[in-house]
Amino acid sequence: RKEVEQDPGPFNVPEGATVAFNCTYSNSASQSFFWYRQDCRKEPKLLMSVYSSGNEDGRFTAQLNRASQYISLLIRDSKLSDSATYLCAVNGGADSWGKLQFGAGTQVVVTP
Amino acid sequence: DAGVIQSPRHEVTEMGQEVTLRCKPISGHNSLFWYRQTMMRGLELLIYFNNNVPIDDSGMPEDRFSAKMPNASFSTLKIQPSEPRDSAVYFCASSRRDRAYNEQFFGPGTRLTVL
C-alpha cells in the first residue's frame, strides 16, 4: 500500500461548480499536511497547509480527518484557472519531520 | 523575493556523461530537498539536508547519484555516469526547519534528458 494515495481523476468540473477530493495517508504519526498545485510542466506550488481545525483560503477549504487518516480539498466556484493537478503531501512524523511524502496527484479540469 | 533557483533549466546529454544540477535555496531557509519526478513514479524525495548536513539519502537510487551542500546557499546533485532511465524532472525545494510547519517551496526544476 502506498503511504499517500489520491484519486488520479480527472475530475471534470463545470465552471462555477464545486469540486472536492481526498487524500489518504497511512502513517498515523504524521503531523503536517499540505496541498500543492502543479500546472503542466511546472513546479509544485504550495496551495495551503492543512491545520487540525480545518482552514479556508478564499474559495479553497482544507480539512483534516485524523481518525480516518485523510485530508480533503474543496474548491468552490471553480474557475478555468483552477485546472491543474493537486498534490497532497504528508510528513513522516516526528522522527522524519522534514521528509514529505507526496501523493501522485488529482487532476482537475474546469470546463466552460 | 527570489525563490529557489535551479540551473540549468534543461539538460540534454548522452548516456555515460556526467551531469551536475545546481540549486540555490531561498535565503534564510536551512533545509534543502532534492526530488525527482517522472510519470511512472511521481514525485520522489532523493535526499535532504538540514543546515548543510545530509540527513536522509535513502531515496538516492544508486551510487551513480551524489549530492553536496558546501554552504547554506548552494547545493549540487551529480549523476555519473548518466543513463537513459535517469531522464526526469529534478526539483530542488527549501524550507525553514524552525517553523512548526515544514512548508517546502520548489524551484522551477531541471528537465534532464539522457539519450
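Residues numbered from 1 in each chain as written. Chains lettered and ligands numbered in written order. Predicted model: local features only at pLDDT ≥ 70, side-chain atom pairs only at ≥ 80, totals over all residues. Heavy atoms only, no water.

S.K.: Any details on the interface of chain A and chain B? Residues and values, ideally.
M.R.: The figure often quoted for interface size is the accessible area lost as the parts come together. If you look at the interface, chain A gives 20 residues, while chain B gives 22 residues. Counting the surface lost from both chain A and chain B, the interface buries some 1,800 Å², and carbon and sulfur atoms represent 57% of this. Across the contact surface, chain A and chain B share one salt bridge. The partner of Lys99(A) in a salt bridge is Asp56(B), with the nearest N and O atoms 2.8 Å apart. Of all elements in the fold, only β4 (33-38), β5 (44-50) and β10 (100-102) of chain A reach the threshold of two or more residues within the side of chain A that touches chain B. A breakdown of the residues in the side of chain A that touches chain B according to their chemical character gives 11 nonpolar, five polar and four charged. (Contact = heavy atoms within 4.5 Å. Buried area = accessible area lost by both parts, 1.4 Å probe. Salt bridge = Lys/Arg side-chain N within 4 Å of Asp/Glu carboxyl O. Helix = DSSP H or I, 4+ residues; strand = E, 2+ residues; numbered from the N terminus. Nonpolar A, V, L, I, M, F, W, Y, C, P; charged D, E, K, R; others polar.)

S.K.: Describe the sheet that holds strand β8 (residues 70-75) of chain A, listing the residues and the values that go with them.
M.R.: Residue and element names in this part refer to chain A. The strand order across the open sheet formed by five strands is β1-β3-β8-β7-β6, and the pairing between neighbours is antiparallel. The sheet terminates laterally at β1 (4-6) and β6 (55-57), the two strands that pair on one side only. For this sheet, the mean angle separating the axes of adjacent strands, direction not counted, is 20°. The sheet contact formed by β6 and strand β7 (residues 60-65) spans three bridges and is antiparallel. Directly across from Asp57, in β7, lies its bridge partner Phe60. (Pairing = 2+ DSSP bridges. Axes fitted to C-alpha atoms, helices over the stretch in contact; angles between N-to-C directions.)

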